[in-house]
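# Commentary on secondary and tertiary structure
Listed below are the residues making up each chain.
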Amino acid sequence: MEAAIRSLEQRGARIVPVNLPHTKYVVAVYYIIATAEASSNLARYDGVRYGLRAEDAGTLSEMYRRTRDQGFGAEVKRRIMLGTFVLSSGYYDAYYEKAQRVRRMLLNDFTEAFKIVI
């Protein structure tokens, strides 16, 4: 990183320190918001109107289960489960809403930094 900064300086760039105090929360915010959005967006892939349909099911409930079992890989299932959890009524405020607020703080940090460097 230091070599890249020196290279930019040698080409005429002015290096300006900026403060991004909330970047330590980026990964946590990403996992909360991205999994919530994945859960919400993938809910429509039920085999009825969208996505793969498991043909060997006897009931509608069984068709939903088999469709999602066959149509989604292990990582997608993990993300859906985590997203469903953070969006559930008992945890929405504690996780998703707070993550949205921190995302706004991150946006504000970068907005202020870009006022300085652009």
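Thresholds applied
Residues numbered from 1 in each chain as written. Predicted model: local features only at pLDDT ≥ 70, side-chain atom pairs only at ≥ 80, totals over all residues. Heavy atoms only, no water. Helix = DSSP H or I, 4+ residues; strand = E, 2+ residues; numbered from the N terminus. Rg over C-alpha atoms; globule rule 2.2 N^0.38 Å. Contact = heavy atoms within 4.5 Å. Phe/Tyr/Trp six-rings, centres within 6.5 Å; stacked < 30°, edge-to-face > 60°. Buried < 20%, exposed > 50% of the residue type's maximum accessible area, 1.4 Å probe, protein only. Salt bridge = Lys/Arg side-chain N within 4 Å of Asp/Glu carboxyl O. Core = buried A, V, L, I, M, F, W, Y, C linked by side-chain atoms within 4.5 Å. Patch = residues over 30% accessible without salt bridge, like charges linked within 9 Å, V, L, I, M, F, W, Y side chains within 5 Å. Areas by Shrake-Rupley, 256 points an atom, 1.4 Å probe, with all protein chains shown as cover. Expected span 1.5 Å × (residues − 1). Arc of directions from axis to C-beta.

Before going further, it helps to examine the overall build of the chain. Each helix and strand in the chain was counted, giving five helices and zero strands. When the helices and strands of the chain are listed from N to C terminus, the series reads α-α-α-α-α. Its C-alpha atoms give the chain a radius of gyration of 22 Å, clearly above 13 Å, the size a compact globule of 118 residues would have. Dimensions of the chain, computed from the C-alpha atoms along their principal axes, are close to 70 × 35 × 20 Å. The contacts in the chain between residues at least 6 apart in sequence include a share of 55% that link residues at least 24 apart.

Here the focus is the packing of aromatic side chains. Counted according to the given criterion, the structure contains six aromatic pairs. Between Tyr91 and Tyr95, the ring centres sit 6.1 Å apart and the planes meet at 40°, which makes this aromatic pair tilted. Taking relative accessible area as the criterion, Tyr91 reaches 37% and is therefore assigned partly exposed. What makes Tyr95 partly exposed here is its relative accessible area of 35%. Ring-pair connections join several aromatic residues into one group, and the members of that group are Phe85, Tyr91 and Tyr95.

Turning next to the pattern of salt bridges. Any two side chains of opposite charge can pair, so long as their charged atoms come close to each other. Going through the model one piece at a time under the given rule, you end up with seven salt bridges. Taking the shortest distance from any N to any O, the salt bridge between Arg66 and Glu62 comes out at 2.7 Å. Here Glu62 and Arg66 lie together in helix 3 (residues 60-71), a separation of four residues that amounts to about one turn. Residue class for Arg66 comes out partly exposed when judged on its relative accessible area of 30%. Each member of the salt-bridge network shares a partner with another, and the members are Asp56, Glu62 and Arg66.

Judged by nonpolar contacts, Val29, Ile32, Ile33, Ala36, Val86, Tyr96, Ala99, Val102 and Leu106 together constitute the single largest core of nine residues. Of all the elements in the fold, those that place two or more residues in this core are helix 2 (26-42) and helix 5 (92-117). Beyond its immediate sequence surroundings of up to four residues, Ile33 is in contact with Tyr96, Ala99, Gln100 and Arg103.

On the surface, Val26, Val27, Tyr30, Tyr31, Leu82, Phe85, Tyr91 and Tyr95 cluster together into a nonpolar patch covering about 720 Å² of accessible area. Elements supplying a minimum of two residues to the nonpolar patch: helix 2 and helix 4 (74-87). Ranked by the residues each element gives to the nonpolar patch, the list is headed by helix 2, at four residues. Inspection of the secondary structure puts Tyr30 in helix 2. Under the relative-accessibility criterion, Tyr30 is labelled partly exposed at 42%.

On to helix 3. Helix length check: helix 3 (12 residues) gives 16 Å between terminal C-alpha atoms against 16 Å at 1.5 Å per residue, within 8%. Regarding helix 3, the residues found buried are Glu62, Met63 and Thr67. One face of helix 3 carries all of its buried residues, which in axial projection span an arc of 130°.

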